[in-house]
Amino acid sequence: MEVEVGGPEPPESRSLEEELDYWRLQAGTRQHSAEEAQEELQEFQQMSRDYELELEAELKQCEARNRELLSANSRLQVELENYKGKFAAQHAAAHRQLSALEADLAQTAAARDRLHAYVRELEQANDDLERTKRVTIMSLEDFEQRMNQVIERNAFLEGELDDKESQLEAVQRLKDEARGSELRDRKEPRSAGTAVMS
C-alpha cells in the first residue's frame with residue numbers, strides 16, 4: 001500500500017493554531033499510513049516467504065517514505081519556529097506602534113487642552129474689550145453731551161457779552177453826548193454875557 005506524501009497545501013491565510021492543527025492532522029495521517037504498511041508487511045511475511053523480497057522492497061520504500069515524513073516534520077518544526085519568531089517580532093512592533101500612538105494621543109490631548117484654555121482666555125479678553133468699549137462709548141457720549149452744554153453756555157455767554165458790549169457802547173455814547181451837551185451849555189452862557197456887555 002502506497003502512502004501519499006503530498007497532500008493539500010495549508011491555506012495561506014491562517015492563524016498559528018489552525019496551522020498547528022493542520023500539520024498535526026497531516027502527521028497523524030502519515031503515521032497511520034505507515035502503521036498500515038507495516039501491518040501489511042507482516043501479513044505478507046506470514047503468508048509466504050516467496051514474497052519476502054517484494055515485501056522487503058516495499059518495506060524499504062515505506063522506510064524511505066517515513067524518512068521523508070520525518071524530514072518534512074523537521075522542516076515544519078523549523079517553519080513553526082520561524083513563524084513563532086515572526087509573530088513575536090510583529091507583536092513587539094505592534095506594541096511599539098501602540099505605545100507611540102498612545103504618546104501621540106496624549107500629546108494631542110494636551111495640545112487640545114492648551115488650545116481650549118487659550119480660546120477661553122481670548123474669549124475672556126474679548127469680553128473685557130467689549131466692556132471697555134461700552135464704557136468708553138458711554139464716557140465719550142457723556143463727554144460729548146457735556147461739551148455741547150459747554151458750547152451752548154459759551155454761545156449764550158458770548159451773546160450776553162455782545163449785549164453788554166453794545167450796552168457799554170451805548171452808555172459810552174450817552175456819556176459822550178452828555179459831556180458834549182454840558183460843554184455846549186457852558187459855552188452858551190459865556191457867549192450870552194459877552195453879547196450883553198457889548
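Just so you know, the residues in each chain are numbered from 1, in the order the chain's sequence is written. In keeping with the model being predicted, local features are shown solely for residues with a pLDDT of at least 70 and side-chain atom pairs are shown and tallied solely at 80 or more, while totals for entire chains, interfaces and linings include all residues. Just so you know, side-chain values use all the structure's heavy atoms and leave hydrogens and water out.

As annotated in an unreviewed UniProt entry, the chain carries the name Nuclear distribution protein nudE 1 and comes from Liparis tanakae. If you open the UniProt record of the chain and go to Sequence similarities (unreviewed entry), you find "Belongs to the nudE family." UniProt positions are given in the numbering used here, feature names are shortened, and annotations may be inferred rather than shown by experiment.

Asker: Explanation requested: the overall build of the chain in the structure shown.
Answerer: The helix and strand labels rest on DSSP assignments: H or I over at least four residues marks a helix, E over at least two residues marks a strand, and numbering proceeds from the N terminus. Tallying secondary structure elements over the chain gives two helices and zero strands in all. The buried label applies to any residue whose accessible area, calculated with a 1.4 Å probe on protein chains only, is under 20% of its type's maximum; exposed applies above 50%, and partly exposed to all values in between. For the chain, with 198 residues in total, the buried portion stands at 9%. Should any heavy atoms of two residues lie within 4.5 Å, those residues are counted as being in contact. Counting contacts in the chain only where the partners sit at least 6 residues apart, residues at least 24 apart contribute 58% of the total. All accessibility values rest on the Shrake-Rupley procedure with a 1.4 Å probe; residue burial counts only the protein chains present in the view. Accessible surface, the chain as shown: approximately 17000 Å² in total, 55% of it carbon and sulfur.

Asker: For this particular structure, what's the right way to read the environment of Leu76?
Answerer: By the secondary structure assignment, Leu76 is in helix α2 (residues 52–197). The class of Leu76 is buried, set by a relative accessible area of 15%. The spacing of Leu76 and Trp23 is 53 residues in sequence and 7.9 Å in space, taken between C-alpha atoms.

Asker: Is there a simple way to explain a negative patch on the surface in this structure?
Answerer: Two distance rules govern patches: like charges are joined within 9 Å, and nonpolar side chains (Val, Leu, Ile, Met, Phe, Trp, Tyr) within 5 Å, applied only to residues with over 30% relative accessible area and no salt bridge. Any Lys or Arg side-chain nitrogen located within 4 Å of an Asp or Glu carboxyl oxygen qualifies as a salt bridge. The convention is simple: Lys and Arg are positive, Asp and Glu are negative, and His and the chain ends are not counted. Note that the charge is assigned to NZ on lysines, CZ on arginines, CG on aspartates and CD on glutamates. Together, Glu158, Glu160, Asp162, Asp163, Glu165 and Glu169 line one region of the surface with negative charge. The exposure class of Asp163 is partly exposed, given its relative accessible area of 46%.

Asker: Just checking my understanding: could you explain the packing of aromatic side chains for this structure?
Answerer: Both the distance between ring centres and the angle between the ring planes are used here to describe each pair of aromatic rings. In this analysis, rings of Phe, Tyr and Trp, with Trp reduced to its six-membered ring, are considered paired at centre separations within 6.5 Å, and the interplanar angle assigns stacked below 30 degrees, edge-to-face beyond 60, and tilted for intermediate values. Counting across every chain of the model gives one aromatic pair. Seen in terms of ring centroids, Tyr22 and Trp23 are 4.7 Å apart; in terms of plane orientation they differ by 75°. Their pairing is edge-to-face. We classify Trp23 as partly exposed; its relative accessible area is 23%.

Asker: Sorry, what's going on with the pattern of salt bridges here?
Answerer: Think of it this way: side chains of opposite charge can pair up when their charged atoms draw near. In total, this model carries six salt bridges according to the counting rule given. Ionic pairing is found between Asp128 and Arg131, a salt bridge with its closest N-O pair at 2.1 Å. Of this pair, Asp128 and Arg131 both sit in helix α2, separated by three residues, roughly a single helical turn. Across the pair Asp176 and Arg179 runs a salt bridge whose closest N-O atoms are separated by 3.2 Å. Taken together, the residues span about one helical turn, with Asp176 and Arg179 both in helix α2 at a distance of three residues. You can call Asp176 partly exposed: its relative accessible area is 39%.

Asker: In this structure, what is going on with a nonpolar patch on the surface? I would like to understand it.
Answerer: Taken together, the side chains of Leu115, Tyr118, Val119 and Leu122 present a nonpolar region at the surface, about 370 Å² in accessible area. Positionally, Tyr118 belongs in helix α2. Overall, Tyr118 belongs to the partly exposed group, its relative accessible area being 47%.

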